[in-house]
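# Structural features, examined
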Amino acid sequence: MQTQKITAHIPVTLLHEAQTVTGKGITDTIKIALNQLAHAGAYDALRKMRGQVKFSIDLEELRKDR
């Protein structure tokens, strides 16, 4: 994976709160946050599709496969 070094001005309290949640250092915390932001668009698109997609799979048949 190619990386890019950046300089960012981030509020200290926000960074510390995020690091507390992740339990990781600055770089890993920022990677996690950017990853979640990048995936947020896909999650929004899926939410908008709720109730619009019809499945031909029988739920009871799927449960029998367990």
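Figured I'd write up the structure that's included with this text. (Residues numbered from 1 in each chain as written. Predicted model: local features only at pLDDT ≥ 70, side-chain atom pairs only at ≥ 80, totals over all residues. Heavy atoms only, no water.)

## Focus on the pattern of salt bridges
- As enumerated under the stated definition, the model contains 3 salt bridges in all.
- In this structure, Asp-44 engages Arg-47 in a salt bridge whose closest nitrogen and oxygen atoms are separated by 2.6 Å. Of the two residues, Asp-44 and Arg-47 both sit in helix α2 (residues 26–48), 3 residues apart, roughly one turn of that helix.
- Between Glu-60 and Arg-63 there is a salt bridge whose closest N-O contact spans 3.0 Å. You can see Glu-60 and its partner Arg-63 sitting in helix α3 (residues 59–64), 3 residues apart, about one turn around the helix. (Salt bridge = Lys/Arg side-chain N within 4 Å of Asp/Glu carboxyl O. Helix = DSSP H or I, 4+ residues; strand = E, 2+ residues; numbered from the N terminus.)

## Remarks on the packing of helix α1 (residues 12–22) against α2
- Orientation of α1 relative to α2, taken along the N-to-C sense of each, is 85 degrees, at an axis distance of 9 Å. Judged by the inter-axis angle, α1 sits roughly perpendicular to α2. For the pair α1 and α2, the contacting residues are Leu-15, Ala-18, Gln-19 and Thr-22 in the first and Ile-26, Thr-29 and Ile-32 in the second.
- Tallied by class, residues from the contact of α1 with α2 come to 4 nonpolar, 3 polar and no charged. (Axes fitted to C-alpha atoms, helices over the stretch in contact; angles between N-to-C directions. Parallel < 35°, antiparallel > 145°, perpendicular 65-115°, else oblique. Contact = heavy atoms within 4.5 Å. Nonpolar A, V, L, I, M, F, W, Y, C, P; charged D, E, K, R; others polar.)

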